[in-house]
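One letter stands for each residue in the lines below.
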Amino acid sequence: MEVQSLSPEIIQDIPKSSIQSIPAADIQATFGSSSIGTYVLSTLNLLNALTHINADLISKPLGSYILSFSDEWFAEASNLTTPTAPVRKPGVFTYAGAWYDGWETRRHNPEPFDWVVFRLGVASGRVRGVEIDTAFFDGNHAPEIAVEGCFSDDDDAVKEKGFGGWETILDRQECGPSQRQAWLLSSETAATYTH
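All values reported here derive from a predicted model rather than from experimental measurement.

Side note on the pattern of salt bridges
What the rule picks out here adds up to six salt bridges. One salt bridge connects Asp155 with Arg119, and the closest N-O pair in it is separated by 3.6 Å. A residue pair is termed long-range when its members are at least 10 positions apart, and Asp155 in helix H3 (residues 155-158) and Arg119 in strand S6 (residues 115-119) qualify at 36 residues.

Below you can see the structure in the form of structure tokens.
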């Protein structure tokens, strides 16, 4: 799965009406997961519960890992696969500067956008929604994101910058600073994704 900030010219003619922004307070109730998939069997029958479990497809405990990225000048992209909520450590520094529990690229990137490619932590999965947490990134957060996915058994091809097999899962969305945000798709994707 690739997460990137995109220019307006890259994505055109994608209806935004099918995307629903989810308030931070409702993310847990909407997806049934704060990180790695959990599911309550209360009023749902067992068959429905077994076939509609929500899981964090990029969660490190499921085996997800980073294949490639545009840059990680200030903070490692692998922080995106951590299943716990971000934490802040004021006064703690790394070789690159202040410590951040997230992915941070250089501020003057010569590329049109930053991107990261995940190998999902499951054989393949369908996407119901997307969560982006910019906690503690205030002024240095991604102002916009988009999510693309593909199904491939060739990690080497997928991690190449010019890979052409991506399809849009979530079109460009604005991101605010230092907040948990999510978008619910109008329906679960019909396609399954490995990246």
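Having put the structure on the table, let's press on.
Focus: the packing of aromatic side chains
Following the criterion strictly, the structure yields two aromatic pairs and no others. Aromatic pair Tyr100 and Phe137: ring centres 4.8 Å apart, planes at 25 degrees, arrangement stacked. One end of the pair, Tyr100, is in the loop between strand S5 (97-98) and S6; the other, Phe137, is in the loop between strand S7 (129-133) and strand S8 (144-149), and 37 residues separate them in sequence. Assessed through its relative accessible area of 23%, Tyr100 is described here as partly exposed. Relative to Trp166, the ring of Phe163 lies with its centre 5.4 Å away and its plane at 80 degrees, an arrangement referred to as edge-to-face. According to the relative accessible area criterion, Trp166 is buried, its value standing at 17%.

Quick look at the confidence of the model for the protein
Atom-level detail of predicted coordinates should not be read off regions where pLDDT is low. Summing up the model confidence of the protein, the mean pLDDT is 82 and the portion of residues at 70 or higher is 80%. Per-element mean pLDDT across the protein ranges from 46 in helix H2 (residues 46-51) up to 97 in H3. pLDDT under 50 marks residues 2-17. Its contacts with residues more than four places away, or in other chains, come to 42 contacts. Note that pLDDT drops below 50 for residues 34-50; the model gives that stretch 24 contacts with residues more than four away or on any other chain.

What about the sheet that holds strand S10 (residues 180-185)?
The strand order S2-S10-S7 describes an open sheet built from three strands, whose pairing is antiparallel. Edge strands, defined here as strands with exactly one partner in the open sheet, are strand S2 (19-22) and S7. Averaged over all adjacent pairs, the angle separating strand axes in this sheet is 20 degrees, with direction ignored.

Calculation criteria
Residues numbered from 1 in each chain as written. Predicted model: local features only at pLDDT ≥ 70, side-chain atom pairs only at ≥ 80, totals over all residues. Heavy atoms only, no water. Salt bridge = Lys/Arg side-chain N within 4 Å of Asp/Glu carboxyl O. Helix = DSSP H or I, 4+ residues; strand = E, 2+ residues; numbered from the N terminus. Phe/Tyr/Trp six-rings, centres within 6.5 Å; stacked < 30°, edge-to-face > 60°. Buried < 20%, exposed > 50% of the residue type's maximum accessible area, 1.4 Å probe, protein only. pLDDT = per-residue confidence, 0-100. Contact = heavy atoms within 4.5 Å. Pairing = 2+ DSSP bridges. Axes fitted to C-alpha atoms, helices over the stretch in contact; angles between N-to-C directions.

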